[in-house]
Every structure is written in C-alpha cells, then in structure tokens.
Amino acid sequence: MQCNDTGYIIFISFPVKTLTLTTQPNKGLSMANEKNNNNNNNNVEQSTKSNNLPKVFIHGPPQFSIVLQPNPSQNFHILNPSSLPSLHEFISLNPHQASSISAILCTTLYPVNADVIRLLPSLRLICASSAGTNHIDLSECRRRGIKVTSAGNLFSEEVADMAVALLIDVSRKISTADRFLRRQVQNQFATWDFPLGSKLTGKKIGIVGMGRIGLEVAKRLEAFNCMISYNSRNKKPLLSYPFYSSVLELATNNNVLILCCDLNDQTKYIVNKEVILALGKGGIIVNVGRGALIDEKELLKCLIEGEIGGAGLDVFENEPNVPKEFFSLDNVVLSPHAAILTSDTFMSICQLVEQNLEAFFSNKPLITPVI
Ligand SMILES: O=CC(=O)O
C-alpha cells in the first residue's frame, strides 16, 4: 500500500505485464511467450512461497483493507489484497484457512471479542489501527498469549487539533453560523438574528485523561490564555496544572470538560448526570475519547433542557449509530469519529502496521505493544 501526501491512495495490487513487440514477429512472440512462461513460473514460485508464510487477515470494511494494505513481505502474506468478504464470511467460505491466520489488522468498528478470537486457533498477533483498544478483548488475548499492538501516540496531535476545533466551533457557533447563512434568502443576512456565542479566551478547561492527547490539548489551549486543570489515573509529578482526583470536582471548578482518556471499566460513564449538572448551564463538553465515557442519554436530556451549554462530539456510545435527537440541536457539533482522518495519519499508520508485522514475524520487539 502506498499513500501520497495529497490524500489519494495509490493501490498497487497486480504485477504489470508487458509484451515486447519486435520487428521479428515469430521471435517476438516466442520472447513474449518465454516472458509469460517465466511470469507463470514466478507466480507459481511466489504462490508456493507465500503459501508457506504466516497469514495476515485485514478485519475491517473493504475501504480499510485497501487503505491499510501493507507492502508485500518476505515474512508474512496478506490474505485479502483488496475487498474480500468479512472475516466471518471468509472463514465460512474457506474453513481450512481459519487455522492458518496468524495475525489480524483491525479497526475500531470491527470488534475483536472472544467469539472472533475463538474462530482463529493460530492467532498470535492483533494490530489495531487505532490508539484505543477497547474493541479488543484484551483479557482473552492475555489468556491465549496473543500480542496486541496499537497506533500508540501516532494520532495525538490530530486528535488534539480536533478537540480544540470542536471547542471553538461550539463556543463561537461556527457550524450554526454556516447553516444560518446557507438558509438566508437572496444571499443577505441580518447579523442581529444570529445568537451570541461565548468567548474561549481565558476559559477554565478541565481535561480528563492527561496522556499525550491531553498534553497536546493543554499546549494548544494555553495559547488562548485558558486555565488548565486535569483529572487522570494519577497526578503527574512534572505537571504544574492543578490535579483533581474526581471528575465531579473537575467539572465543578471548570467551564469546559475535554475527554481524552481511554474507555475501560473504570472510565465508562465517567461523565454522568451529576458531572454534567456540576459543569452548569454555560458549560461545554468535548469528547474525542470514546462515546461511552459519557452517559449519552443523560447528555442529550441535559442539552435539550438547557442544563448544559453545548457539546462537541467526535465519538458516540453505539457507533456507527448516532441518536437522531442530536441532529436538531444547535448547541451540538457532531463529527463521525473523524479526529484521526487526515492523509498524514494514514501514511504513518500504514508504516507502523507494517513495522509491527515485520518485527513480530522476525522475532524482534514490537514497536507499539499494548500487551
Ligand atoms: O479513535 C481513534 C483511535 O483510537 O485511534
């Protein structure tokens, strides 16, 4: 797989065959045949070789298989070079192949739960194309001795950019303004018909999860003279920002909450009704972590009833579904889990996946291990 930096993906899947025409037709033909025979021999040789290599399956939608296609390797063989069926279909069509799959590449919308893992008796490696791994059953992987890699910190800057973009959009009503303008008749607007936004500069911002993404968000918002404080598993000794050990306290003392932490048993619904109410009527919540960090039903209710000022959401509790009630709210900015979708991130994740696969199949340390 190759990406270029204009955002286009160049997918090279077939060897290019060339026929040489010469002024001596018979000779030319036989040269071409010879070349074809050589090609055929090479193909047979190659397919025998690849038959003996560990197999990797790309577990995701067809677009994902195309985007995440690693380069051909001496150390592993990708089973689905373009758009083969899903893993379940593939296995039901080729039951004998299930036991040959040593690794899978996966994306967030395709869970790798115990049922999927059970289908693959020889699975030894799962490469997630995301930083978050909540869609993978890590305890089952530990039990089976399966290694897992993630995107590590590869996307932190893009995700932080998106968090700040959503915050500015909600505060200054940019998406609302765009819709407002497009609705105007005769291409004219009356500014006084447009609702007032709120100033971002100088606001008190509470960051939930002070890993690489949280730090990048803080760095950006310092430039807006915002006052940063945070909640995370532990206080960070090297950070001078105030630390709150509870999210409720963090919400009580801030105007904005930005969620950048992992989703796990401890963080599910870390933002519940009490936290939302503590943030208050002018408060804004931005979520670039995972949907289930927030009790989504309560958030919706509070947004509708004006108990909170607004929300910027890149993630949802039951993706890809988005509760339709959000669509009619002007105090919400919605994004389809797109914080990492830039051409730059795709170039880097392709390389990282390839490096992890190469490292694993040549018994070298993984680049971004999770377990
Ligand atoms: O959501 C995206 C990621 O986890 O990388």
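Residues numbered from 1 in each chain as written. Predicted model: local features only at pLDDT ≥ 70, side-chain atom pairs only at ≥ 80, totals over all residues. Heavy atoms only, no water.

Filter applied, for reference: UniProt positions are given in the numbering used here, feature names are shortened, and annotations may be inferred rather than shown by experiment.
Where an unreviewed UniProt entry is consulted, the protein chain appears under the name glyoxylate reductase (NADP(+)), with the organism given as Trifolium pratense. We quote the UniProt Sequence similarities (unreviewed entry) comment for the protein chain here in full: "Belongs to the D-isomer specific 2-hydroxyacid dehydrogenase family."

1. Some thoughts on the packing of aromatic side chains
Two measures describe an aromatic ring pair: the distance that separates the ring centres and the angle between the ring planes. Let me state the cut-off plainly: Ring pairs shown here join Phe, Tyr and Trp side chains whose ring centres sit within 6.5 Å, with only the six-membered ring taken for Trp; geometry is labelled stacked below 30 degrees between planes, edge-to-face above 60, and tilted in between. We count a charge as sitting over a ring when the NZ of a lysine or the CZ of an arginine lies within 6 Å of the ring centre and within 35 degrees of the ring normal.
Enumeration according to the criterion identifies six aromatic pairs in this entry. It is Lys268 that lies over the ring of Tyr269; its NZ or CZ is 5.0 Å from the centre.

2. Quick word on the site of the ligand
Selection criterion: Any residue with a heavy atom positioned within 4 Å of a molecule or strand is treated as near that molecule or strand. For the purposes of these results, a polar contact is taken to be a pair of N or O atoms within 3.5 Å, where, inside protein, one atom must be able to donate a hydrogen and its partner to accept one; residues adjacent in sequence count only when each atom of the pair is a side-chain atom. For every accessible area listed, the method is Shrake-Rupley and the probe measures 1.4 Å; residues are considered covered only by the protein chains on display. Residues are grouped as follows: Ala, Val, Leu, Ile, Met, Phe, Trp, Tyr, Cys and Pro are nonpolar; Asp, Glu, Lys and Arg are charged; every other residue, Gly included, is polar.
Neighbouring the ligand are Ser130, Ala131, Gly132, Phe155, Arg290, His337 and Ile340. Within the side chain of Arg290, a nitrogen or oxygen atom sits 2.7 Å from an oxygen atom of the ligand. For the ligand, whose accessible area on its own is 190 Å², the fraction buried by protein is 90%. Among the residues making up the shell around the ligand, the classes are represented as three nonpolar, three polar and one charged.

3. Thoughts on the environment of Pro85
Selection rule: In DSSP terms, a helix is any run of H or I states spanning at least four residues, a strand is any run of E spanning at least two, and both are numbered starting from the N terminus. Here, residues are in contact when the closest pair of their heavy atoms is within 4.5 Å.
Relative to the elements of secondary structure, Pro85 occurs in the loop between strand S4 (77–78) and helix H3 (87–93). C-alpha of Pro85 to C-alpha of Pro61: the two residues are 24 residues apart in sequence and 8.7 Å apart in space. If near-sequence neighbours (up to four positions away) are discounted, Pro85 is found in contact with Phe57, Phe90 and Leu93.

4. Here we look at the UniProt feature "domain: D-isomer specific 2-hydroxyacid dehydrogenase NAD-binding" (unreviewed entry) in the protein chain
According to UniProt, the "domain: D-isomer specific 2-hydroxyacid dehydrogenase NAD-binding" (unreviewed entry) feature falls on residues 164–339. Secondary structure across residues 164–339 comprises 30% helix and 14% strand; the distance between its end C-alpha atoms is 11 Å.

5. Observations concerning the UniProt feature "domain: D-isomer specific 2-hydroxyacid dehydrogenase catalytic" (unreviewed entry) in the protein chain
Residues given the UniProt feature "domain: D-isomer specific 2-hydroxyacid dehydrogenase catalytic" (unreviewed entry) here are residues 99–370. Segment residues 99–370 splits into 34% helix and 14% strand. End C-alpha atoms: 24 Å apart.

6. Digging into the confidence of the model for the protein chain
Low pLDDT means the predicted atomic positions in that stretch should not be read closely. Defined as follows: Every residue is assigned a pLDDT by the predictor, reflecting its confidence on a scale from 0 to 100.
The predicted model of the protein chain averages 87 in pLDDT, with 86% of residues at 70 or higher. The low-confidence segment residues 1–41, where pLDDT is below 50, has 35 contacts with residues more than four positions distant or belonging to other chains. In the predicted complex, the global pTM is 0.86; the interface-specific ipTM is 0.96.

7. Things to note about the nonpolar core
How we decide: Side-chain atoms within 4.5 Å link the members of a nonpolar core, which is a set of buried Ala, Val, Leu, Ile, Met, Phe, Trp, Tyr and Cys residues. Each residue is assigned to one of three classes by its accessible area relative to the maximum for its type, calculated with a 1.4 Å probe on protein chains only: buried under 20%, partly exposed between the two thresholds, exposed over 50%. Domain ranges listed in this record stem from an automatic or a database domain assignment.
Formed by 49 residues in total, the largest nonpolar core has its most connected members in Ile205, Leu221, Ile258 and Leu357. When residues of this core are assigned to their parent elements, the largest contribution, eight residues, is made by helix H6 (residues 156–172). Counting residues domain by domain, this core receives three or more from each of domain 1 (50–154 + 344–362) and domain 2 (156–187 + 194–334). Residues in contact with Leu357, not counting those within four places in the same chain, are Val56, Pro70, Phe76, Ala103, Leu105, Leu125 and Cys127. In terms of nonpolar packing, the next biggest core, distinct from the first, is built from 27 residues, Leu250, Ile270, Leu293 and Leu303 among them.

8. Observations regarding the domain arrangement of the protein chain
Put simply, the test is: Summed over both partners, the accessible area (1.4 Å probe) lost when two parts come together is defined as the buried area. Here, a salt bridge means any side-chain nitrogen of Lys or Arg that lies within 4 Å of a carboxyl oxygen of Asp or Glu.
By the assigned domains, the protein chain splits into domain 1 (50–154 + 344–362) and domain 2 (156–187 + 194–334). Once you take the C-alpha centre of each, domain 1 and domain 2 turn out to be 33 Å apart. Listed as interface residues are nine residues of domain 1 and, on the opposing side, seven residues of domain 2. Interface area for domain 1 against domain 2, summed over the two sides, is near 660 Å², with a carbon-plus-sulfur share of 48%. Taken as a group, Leu109, Asn134 and Asn153 account for 63% of the area that domain 1 buries against domain 2, more than any other trio of residues on that side. Between the two partners, domain 1 and domain 2, sit zero salt bridges.

9. A closer look at the sheet that holds strand S7 (residues 147–149)
Going by this rule: In this description, strands pair whenever DSSP reports at least two bridges between them. In this description, a line fitted to the C-alpha atoms serves as the axis of each element, helices being fitted only across the stretch in contact, and the angle between N-to-C directions of two axes falls anywhere from 0 to 180 degrees.
One open sheet holds the five strands; their spatial order is S4-S3-S5-S6-S7, and the pairing between them is parallel. The open sheet has two edge strands with one neighbour each: S4 and S7. Packed on one face of the sheet, helix H12 (residues 343–361) meets strand S3 (55–59), strand S5 (101–106), strand S6 (125–128) and S7 and runs near 160° to S5.

10. Some words on the pairing of S6
Applied cut-off: Crossover handedness is defined here as right-handed if the route from the first strand over the helix to the second strand goes clockwise, with the strands pointing away from the viewer.
Neither face of S6 is exposed, since Leu125 and Cys127 on one face and Ile126 and Ala128 on the opposite face are all buried. As judged from the four bridges shared by S5 and S6, these two strands associate in the parallel manner. If you follow Ala103 over to S6, its bridge partner there is Leu125. A crossover links S5 with its parallel partner S6, the connecting element being helix H4 (residues 114–119), and its sense is right-handed. Pairing analysis gives three bridges linking S6 to S7, with the strands arranged parallel. Within S7, the residue paired with Leu125 across the bridge is Lys147. The handedness of the S6 to S7 crossover, carried by helix H5 (residues 138–144), is right-handed.

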